[in-house]
Amino acid sequence: MLTDCHLHLIDRSKLSYPWLETVGALNHDHLYETYAREARRAGISRCLHMEVDVAPHDIGRETAMIEALARRPESLIAGAISACRPEEADFPAFLDHIRANPFVRGLRRVLHVMPDDLSETPLFRDNIRLLSGTGLTFDLCTLPHQITRAIALADLAPDVTFILDHCGVPAIASGAHDSWARGIADIARRPNVIVKISGIIAYADAGSWDLEVLRPYVETVTGAFGFDRMIWGSDWPVCTLGGSLSTWVAATHALFGGASNEERRKLFSGNASRLWGL
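Residues numbered from 1 in each chain as written. Predicted model: local features only at pLDDT ≥ 70, side-chain atom pairs only at ≥ 80, totals over all residues. Heavy atoms only, no water.

Points about the overall build of the chain
Phase 1: For the chain, the count of helices and strands is 9 helices and 8 strands.
Phase 2: Over its C-alpha atoms the chain spans a radius of gyration of 17 Å, differing by no more than 12% from the 19 Å that the globule rule assigns to 278 residues.
Phase 3: Each of the three principal axes of the chain carries a C-alpha extent, and together these read 45 × 40 × 35 Å.
Phase 4: If you take every contact in the chain between residues at least 6 apart in sequence, the share linking residues at least 24 apart comes to 81%.
Phase 5: Counting only carbon and sulfur atoms, one obtains 53% of the accessible surface of the chain, whose full area is about 11,400 Å².
Phase 6: The averaged location of the 34 negative side-chain charges in the chain is 5 Å from the averaged location of its 27 positive side-chain charges. (Helix = DSSP H or I, 4+ residues; strand = E, 2+ residues; numbered from the N terminus. Rg over C-alpha atoms; globule rule 2.2 N^0.38 Å. Contact = heavy atoms within 4.5 Å. Areas by Shrake-Rupley, 256 points an atom, 1.4 Å probe, with all protein chains shown as cover. Lys, Arg positive; Asp, Glu negative; His and termini not counted. Charge placed at Lys NZ, Arg CZ, Asp CG, Glu CD.)

Quick look at the structure:
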């Protein structure tokens, strides 16, 4: 069974998602019922909701919406990763509020669509240091050319677990590998960073990718991090840019078919259980 560490839900009747206007293929509702039906069929037994970069005034409302879904009978949702704004002066107060809610397991500030130097401001870095001792994880969603900035954040708070989303977002469709792989090797040297094998079919050519296209990227990440520092995620519905949720699950099982039962257990669920106490 799989623990999905990277589910996005989109409900435009409740929240505002400014970025959706630029991604027509995703610019509609993606609701829990649709996800849960396919997830159960694919062997997903629980999930964590990942923030969807809602408008800043909706960050708290997004968490409340996901908590309400988690309270439904037999819900798959076990917790949430909240959006945050470490570049803002009120982050410490926000952090105090988040720490009072055990449903929130970690934080993320999307960086791959922001100016490269956002995470280098003194205020941003001071606020990242505040995560030390909180038990909250911090997801890093960065492009390959931003990897040095992700490394700098991980080095600021060595007792905080940072999670590199989507294998570091490799440009699979263009075949770019070597420079991305060097960055993966570098960030993997930080013991407080783990990697998320999540929805990388979205970065491949939707019309032509197969397992052998994905394999070099998965093998590079596995070799750098090892099975003790990897977790799995769907990145639904973003993964649908490259195939269905079930297609990504099937590809995952095929790509890791040569791993031992214990290695698969760690990747598919065990590491997530240990990391967040699920």
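Still more to cover.
Points about the side chain of histidine 8
Phase 1: Following the sequence through the fold, histidine 8 ends up in the loop between β1 (2-7) and α1 (32-42).
Phase 2: Relative accessible area serves as the criterion here: at 5%, histidine 8 is assigned to the buried category.
Phase 3: One polar contact links the side chain of histidine 8 to the main-chain carbonyl oxygen of glutamate 51, over a distance of 3.3 Å.
Phase 4: With residues near it in sequence (within four places) discarded, histidine 8 still touches His49, Met50, Glu51, Val52, Arg108, Asp235, Trp236, Pro237 and Val238. (Buried < 20%, exposed > 50% of the residue type's maximum accessible area, 1.4 Å probe, protein only. Polar contact = N/O pair within 3.5 Å; in protein donor to acceptor, adjacent residues only side chain to side chain.)

Some details on the packing of helix α4 (residues 122-129) against helix α5 (residues 147-156)
Phase 1: Viewed as axis vectors pointing N to C, α4 and α5 meet at an angle of 45 degrees, and their least axial separation amounts to 9 Å. One finds that α4 runs oblique with respect to α5. For α4 against α5, the interelement crossing comes out right-handed. The segment α4 lies against α5, with Phe124, Arg125, Ile128 and Arg129 engaging Ala152, Leu153 and Leu156.
Phase 2: Looking at the contact of α4 with α5 residue by residue, the classes come out as 5 nonpolar, no polar and 2 charged. (Axes fitted to C-alpha atoms, helices over the stretch in contact; angles between N-to-C directions. Parallel < 35°, antiparallel > 145°, perpendicular 65-115°, else oblique. Left-handed = near helix turned anticlockwise from the far one by under 90°. Nonpolar A, V, L, I, M, F, W, Y, C, P; charged D, E, K, R; others polar.)

Focus: the pattern of salt bridges
Phase 1: Following the criterion strictly, the structure yields 18 salt bridges and no others.
Phase 2: In this structure, aspartate 11 and lysine 14 form a salt bridge, with 3.2 Å as the shortest nitrogen-oxygen distance.
Phase 3: With a relative accessible area of 10%, aspartate 11 lands in the buried category.
Phase 4: Note on lysine 14: relative accessible area 44%, which makes it partly exposed.
Phase 5: Ionic pairing is found between aspartate 228 and lysine 266, a salt bridge with its closest N-O pair at 2.6 Å. Note that aspartate 228 is positioned in the loop between α7 (211-225) and β8 (230-233) and lysine 266 in helix α9 (residues 261-276), a separation of 38 residues in sequence.
Phase 6: A relative accessible area of 45% means that aspartate 228 is categorised as partly exposed.
Phase 7: One network of salt bridges, in which partners are shared, links Glu51, Arg108, Asp139, Asp165 and Lys196. (Salt bridge = Lys/Arg side-chain N within 4 Å of Asp/Glu carboxyl O.)

Concerning the nonpolar core
Phase 1: Formed by 86 residues in total, the largest nonpolar core has its most connected members in Tyr35 and Phe162.
Phase 2: Among the elements that make up this core, the one with the highest residue count is α5 (6 residues).
Phase 3: When neighbours within four sequence positions are excluded, phenylalanine 162 is seen to be in contact with Ile128, Phe138, Leu140, Leu153, Ala154, Ala157, Asn192, Val193 and Ile194.
Phase 4: Met50, Ile194, Ala272 and Trp276 belong to the second-largest nonpolar core, a separate cluster that totals 9 residues. (Core = buried A, V, L, I, M, F, W, Y, C linked by side-chain atoms within 4.5 Å.)

A word on the pairing of strand β5 (residues 137-140)
Phase 1: Residues Thr137 and Asp139 line one face of β5 and the alternating positions Phe138 and Leu140 line the opposite face, and both faces are buried.
Phase 2: Bridge analysis of strand β4 (residues 104-108) against β5 gives 3 bridges, and the strand direction is parallel. Counterpart to arginine 108 in the pairing with β5 is aspartate 139.
Phase 3: Running through α4, the crossover from β4 to the neighbouring parallel element β5 is right-handed. (Pairing = 2+ DSSP bridges. Right-handed = clockwise from strand over helix to strand, strands pointing away.)

Observations concerning the pairing of β8
Phase 1: Residue alternation in β8 divides its side chains into two sets, Met230 and Trp232 and Ile231 and Gly233, and both sets are buried.
Phase 2: Judged from the 4 bridges that link them, strand β7 (residues 193-198) and β8 form a sheet pairing that is parallel. The partner of isoleucine 197 across the bridge, within β8, is tryptophan 232.
Phase 3: In this fold, β7 hands off to α7, which returns the chain to β8; that crossover is right-handed.

Quick word on the packing of aromatic side chains
Phase 1: For the structure on display, the rule yields 6 aromatic pairs.
Phase 2: Consider the rings of tyrosine 35 and tryptophan 236, whose centres lie 5.5 Å apart with planes at 50 degrees: the pair is tilted. Residue tyrosine 35 is found in helix α1, and its partner tryptophan 236 is found in the loop between β8 and α8 (245-255); the two are separated by 201 residues along the sequence. Residue tyrosine 35 shares its accessibility class with tryptophan 236, and that shared class is buried. (Phe/Tyr/Trp six-rings, centres within 6.5 Å; stacked < 30°, edge-to-face > 60°.)

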